[in-house]
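Letter by letter, the chains look like this.
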Amino acid sequence: MFCTQLVVLALGALAFAEPLERRTATNVFPTPPKTSSLSSPITVKAGQTFTPPTAYIRYDRGSNACNGQSEGGDSDAVFLLEEGATLKNVVIGPSQSEGVHCLGSCTLDHVYFEDVCEDAITIKQTSGTSRINYGGAKHASDKVIQHNGGGTVIINSFYVEDFGKLYRSCGNCKTQYKRTVQINDVWAVNGKVLAGINTNYGDTATIRTTRAQSVGKICDRYTGNNSGAEPVETGSGPDGKYCLYSTSDISS
């Protein structure tokens, strides 16, 4: 009887535990049923979720919207996500300057960037955790995810191809923070650097079970600044303090 009670209690604990679901990143992008060209960004209000009326509609900012690596602002984005907002089942087309700006902590679920212009995702939260789940991005000559604010970014089961950096903690923002990134189950193909962080601000990058094919470096360390100067690279690779991974975490 006592053993039976223990089994029931254990099953009950499992039932209430948060389930762990691992999915594999995919290089198969959805085919958009239509394109919606916006004259201004769509703002997803705090705590709300934006899902298009038909899954994977392509959103952009109209022809000739991309100006290469010219820095854009919030008004140039396709989506603006306020604190706690979620964007789901969307394709961001190549005709845009800035993709998604997270003004607070945000969640992106199954969001695909067909051709990144300046940055795909800009994180501006001052604290909290933003999550980028599944989805993917192609053709980012510089950065896919630019982390300008503070807090944590978690990247799960994301596919990235032909890129400069998947993630970069801002190296020369006027206001600097300690930033944390977790990269899990990512598939990266033909890129320069998976993650770049600033050790002088205490940044960390934790990388697990990630597939990297033709990727130059996994984790670069920099000395960041708030003067706008180009940050100095100080090292690369796992070091047990800032770049937290081992060779067994990376496969090809």
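Values in this document were obtained by computation on a predicted structure and should not be read as measured data. (Residues numbered from 1 in each chain as written. Predicted model: local features only at pLDDT ≥ 70, side-chain atom pairs only at ≥ 80, totals over all residues. Heavy atoms only, no water.)

## Considerations on the overall build of the protein
Basically, it comes down to this: Going along the chain from the N terminus, every DSSP run of H or I of four or more residues is numbered as a helix, and every run of E of two or more is numbered as a strand. Two residues qualify as a contact provided that any one of their heavy atoms is within 4.5 Å of a heavy atom in the partner residue.
Of regular secondary structure, the protein possesses one helix and 20 strands. Within the protein, counting contacts between residues at least 6 apart in sequence, those at least 24 apart form 58% of the total.

## Here we look at the pairing of strand β13 (residues 159-169)
Put simply, the rule is: In this scheme, a residue with accessible area under 20% of its type's maximum is buried, one over 50% is exposed, and one in between is partly exposed, where area comes from a 1.4 Å probe on protein chains only. A pair of strands counts as paired when DSSP detects no fewer than two bridges linking them.
Across the eleven residues that make up β13, a large majority, nine, are buried. Strand direction decides the pairing type here: strand β11 (residues 136-147) and β13, joined by eight bridges, are parallel. For Gly 136, the partnering residue across the bridge sits in β13 and is Tyr 159. With seven bridges connecting them, β13 and strand β15 (residues 187-198) associate as parallel partners. Counted as the bridge partner of Lys 165 is Val 193 from β15.

## With respect to the nonpolar core
Keep this limit in mind: By convention a nonpolar core is built from buried Ala, Val, Leu, Ile, Met, Phe, Trp, Tyr and Cys residues, the set being connected through side-chain atoms within 4.5 Å.
If you look at the biggest cluster of nonpolar residues, it comprises 50 residues, and the most contacted ones within it are Phe 79, Leu 81, Phe 113, Val 144, Ile 155 and Leu 166. If sequence neighbours within four positions are ignored, Leu 166 has contacts with Val 144, Ile 145, Ile 155, Phe 158, Val 160, Ile 183, Val 186, Val 193 and Leu 194. Among the nonpolar cores identified, the runner-up in size contains eight residues, and Tyr 56, Val 91, Tyr 112 and Trp 187 belong to it.

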